[in-house]
Amino acid sequence: MDEEIGGAARQVQWKSYCKTLSVLAFQSFGVVYGDLSTSPLYVYRSSFSGRLNSYRDETTIFGLFSLIFWTLTLVPLLKYVIIVLSADDNGEGGTFALYSLLCRHAKFSLLPNQQAADEELSTYYQPGTGRTAVSSPFKRFLEKHRKLRTCLLLFVLFGACMVIGDGILTPTISVLSAISGLQDPATGGLADGSILLIACVVLVGLFALQHRGTHRVAFMFAPIVVLWLLSIGIIGLYNIIHWNPRICLALSPHYIVKFFKTTGRDGWMALGGVLLATTGTEAMFADLGHFTAASIRLAFVGAIYPSLVLQYMGQAAFLSRNMSAVHDSFYLSIPRPVFWPVFVIATLAAIVGSQAIISATFSIVKQCLALGCFPRVKVVHTSRWIHGQIYIPEINWILMVLCLAVTLGFRDITVIGNAYGLACITVMFVTTWLMSLVIIFVWQKNLLIALLFLAFFGSIEGIYLSAAVIKVPQGGWTPIAMALVFMFIMYVWHYGTRRKYMFDLQNKVSMKWILTLGPSLGIMRVPGIGLIYTELVTGVPAIFSHFVTNLPAFHQVLVFVCVKSVPVPYVPTDERYLIGRIGPREYRMYRCIVRYGYKDVQKDDENFENHLVMSIAKFIQMEAEEAASSGSYESSTEGRMAVVHTTDTTGTGLVVRDSIDAAGTSLSLTRSSKSETLRSLQSIYEQESGGGLSRRRRVRFQISEEERPDPQVRDELSDLLEAKEAGVAYIIGHSYVKARKNSNFLKTFAIDYAYSFLRKNCRGPSVTLHIPHISLIEVGMIYYV
């Protein structure tokens, strides 16, 4: 009986799993495969754009199709679907996921404020992997040389910049290729100028709708791509049967050998067009976070791969009998009765493919921002339900302008294809090298296996890369130029930010100096909580001494807040806050470290102050319990940090009550003041800001009588609540970074001009950290780095 019940339960679980897998696979068509599935629009056209156009015979067509077939089989299917999708970072994929994995399993990270406590995060290590990393001479060699770690970061950033280039070129070539169907003489073909105008209008509309978020039209995306796949698969099968069934023989790699024997160097140069068949492959890995590896594999093997093979085979069969149609083989191979429906679906599919890579570009920029390698920009979370869907206004409009510039500047799909191919193959090449390191350090496999992976796929992609590099003068320079510009911005920002952090680290306030001041710190302690923002995770920043030197008064409770990024995709909410104490108990000085992953979005936390008070209260209780068990209430000057769960209010010694006045409206207690003037000013500010602050949850804290805390703990909690009722002030440094007088020319230019320009034209730290303007105090300070 028990066995029957267990069997029935397993059957229900299996059906539920299959249903979920099918739904995810269906949804992945619209997000992941839009770019890859629209490649047939321009692959043959680009391949025959050069000298290969003079080889108009069946052997060349068969050989070209054989190249496309085996490229699709070896790179997207074998490399990505079977191998690379297994190298996820807690379900996340992409270049930064691989780099994050490497940083956690070896000391490759250049993020300066990392702590041992970060390794205790539940998402830090993958399930099934040990927490003790295996050491090897190769690993020690890479960890020892800082320049090699810097080169690795630059290598990753270069790949990221190429993805940004991909985000510029994909909409351009996809939309232009789809609209070019209107040039068909059978449809009363339009002139080139009209085609460009329509393409530009579509591109502007595409970018103008980005702020609404992809989730609002996501229900349309998957059906469009499914219709597109059905269309190209059926048309491909029709062309095979109708024009030349012998094309099936070209599945043999023997035709590749015959192709190169016939075409020689001209055939090698045509590889730049063939590699366009794999464009969008990286999206399978980059968009892994929205789906599962199983669903992406199912969609590719079950629909994408067979549909693309049938379409490329059908186009080859058509071209083997109609060589003059090579300039627009896709649209000319469509049977006339279904031309217009296929044209509409092709245009919609091109827009879907563009949408996917634009979203991926936003994600890449967000990850660079988390690594401290990109100027601060506005990041908007566009979906309440789908985590990770973001919109970055500044990047969106830059992409639109560059897309229009490429479209109007080149006006030629072939030239744009040269640039597009180079960007895509470079990203794949970067992934291959990073994947080799993952095999060694993360999967802890034999070095020989990693070398075999690198040699096999690296040689294939190296051949295609060499063919793409030849096309640099014919448009291939575009992604390189764009990548160098973005690389310069990223490196200058990273360099300047790191030098500023090192200045803070070297000029920390001595703990001995603070202890000599006594509990009052030698200044007037006024009611309230002072939140001092700093990038340091240990010690007291120089901004503190700079402030009290010029204004000898400070709040009765001081909290040094550090908002930092950790090399994991997401930090669970319950593990986000690290709380510690600075100095003895009577100083009332604490440290709060708020941790985010590289894919977390730092939204405006309406209850940050409440969470902070609850976290400190809980830490005080935890510390008292540990002290009681050891029989000593002495606290160290720089005590240990403790993870405090913000969602659990038990064990804080406090009772939380909503503050409602007689009229039923919330009282403004979170930032109240004993001064009537300040209260009135705050009320005016809330009205002018649209009531955003007044809509926040108003709570009042009281010390719990049930828990009966220790007298010392009760006094400390009482001081904390009194300070909270008096109000919270945010203190942040308004820094001016300058190079030292003895610096060389390059450093002076990078700091005084490039970095200074970027800081002046990006979002301020107070805006990025969502600090309310009415509670902000900025302290000016010059950093000589």
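What counts, and at which threshold
- Residues numbered from 1 in each chain as written.
- Predicted model: local features only at pLDDT ≥ 70, side-chain atom pairs only at ≥ 80, totals over all residues.
- Heavy atoms only, no water.
- Buried < 20%, exposed > 50% of the residue type's maximum accessible area, 1.4 Å probe, protein only.
- Helix = DSSP H or I, 4+ residues; strand = E, 2+ residues; numbered from the N terminus.
- Pairing = 2+ DSSP bridges.
- Axes fitted to C-alpha atoms, helices over the stretch in contact; angles between N-to-C directions.
- Contact = heavy atoms within 4.5 Å.
- Parallel < 35°, antiparallel > 145°, perpendicular 65-115°, else oblique.
- Left-handed = near helix turned anticlockwise from the far one by under 90°.
- Nonpolar A, V, L, I, M, F, W, Y, C, P; charged D, E, K, R; others polar.
- pLDDT = per-residue confidence, 0-100.
- Expected span 1.5 Å × (residues − 1).
- Bend = angle between axes of the 7 residues up to and from the residue.
- Polar contact = N/O pair within 3.5 Å; in protein donor to acceptor, adjacent residues only side chain to side chain.

Visitor: Any chance you could explain the pairing of strand β6 (residues 589-596) here in plain terms?
Guide: Side-chain direction in a regular strand flips from residue to residue, so the side chains alternate between the two faces of the sheet. The buried fraction of β6 amounts to 8 of the 8 residues, a majority that puts the element mostly inside the structure. Both faces of β6 are covered, namely the face carrying M589, R591, I593 and R595 and the face carrying Y590, C592, V594 and Y596. Here strand β4 (residues 553-565) pairs with β6 via 8 bridges, running parallel. Bridge assignment links V561 to a residue of β6, and that residue is C592.

Visitor: Please explain the sheet that holds strand β10 (residues 728-738) as it appears in this structure.
Guide: Hydrogen bonds between backbone atoms are what pair the strands of a sheet, whose relative direction is either parallel or antiparallel. A sheet is described by the order of its strands in space; here 7 strands give the open sequence β7-β5-β6-β4-β3-β10-β11, paired in mixed fashion. One side of each edge strand has no neighbouring strand; the edge strands of this open sheet are β7 (642-644) and β11 (776-784). Between one strand axis and the next, the sheet turns through 30 degrees on average, direction left out of account. Sheet topology places strand β5 (residues 577-581) next to β7; 3 bridges connect them, and they run antiparallel. In the strand pairing of β7, I579 is matched with A642. Of the strands in this sheet, β3 (524-533), β4, β10 and β11 are in contact with helix α22 (residues 542-550), which crosses β11 at around 115 degrees.

Visitor: Can you walk me through the packing of helix α7 (residues 146-179) against helix α8 (residues 192-208) in this structure?
Guide: A pair of packed helices is captured by two measures, namely the crossing angle of their axes and the spacing between those axes. The N-to-C vectors of α7 and α8 enclose an angle of 135 degrees; their axes lie 9 Å apart at closest approach. Here α7 is positioned oblique relative to α8, judged by the angle of their axes. As for the relative orientation of α7 and α8, their crossing is right-handed in sense. In this structure, α7 contributes P171, T172, V175, L176 and I179 to the contact, and α8 contributes I195, L196, I198, A199, V202, L203, L206 and F207. Across the contact of α7 with α8, the residue classes break down as 12 nonpolar, 1 polar and no charged.

Visitor: Whenever I open this one, the confidence of the model for the chain confuses me. Can you help?
Guide: Detailed reading of the predicted model is not advised wherever pLDDT is low. Looking at the chain, pLDDT values average 82 and 84% of them are 70 or higher. Of all helices and strands in the chain, the one with the weakest mean pLDDT is helix α24 (residues 676-688) (59), whereas helix α4 (residues 58-83) scores best (94). Counting contacts from residues 660-674, a segment whose pLDDT is below 50, to residues more than four positions away or on other chains yields 40 contacts.

Visitor: Where do I start with the packing of α8 against helix α17 (residues 393-410) in this structure?
Guide: Look at α8 against α17: their axes get within 10 Å of each other, and the N-to-C directions meet at 170 degrees. Between α8 and α17, the interaxial angle falls into the category roughly antiparallel. Contacts from L196, C200, L203, V204, F207 and A208 in α8 reach N396, W397, L399, M400, C403, L404, T407 and L408 in α17. Within the contact of α8 with α17, the residues separate by chemical class into 12 nonpolar, 2 polar and no charged.

Visitor: Please clarify how α7 should be interpreted in this entry.
Guide: At 3.6 residues per turn, the α-helix brings residues three or four places apart onto the same side. Spanning 34 residues, α7 covers 50 Å between terminal C-alpha atoms, matching the ideal 50 Å at 1.5 Å per step. Along α7, the sharpest kink reaches roughly 30 degrees, centred on L169 and followed within four residues by the proline P171. Across the 34 residues that make up α7, a large majority, 27, are buried.

Visitor: Where do I start with the side chain of S100 in this structure?
Guide: With respect to the helices, strands and loops of the structure, S100 is situated in helix α5 (residues 95-105). A distance of 2.5 Å separates the side chain of S100 from the backbone oxygen of P567, its partner in a polar contact. Residues in contact with S100, not counting those within four places in the same chain, are D89, P567, V568 and Y598.

Visitor: Any chance you could explain the environment of I247 here in plain terms?
Guide: Topologically, I247 is positioned in the loop between α9 (218-243) and α10 (254-263). Classification of I247 as buried rests on a relative accessible area of 0%. Along the chain, I247 and F318 lie 71 residues apart, while their C-alpha atoms are 9.7 Å from each other. Once you skip the residues sitting within four places of it in the chain, I247 turns out to touch F62, F65, I240, M313, A316 and A317.

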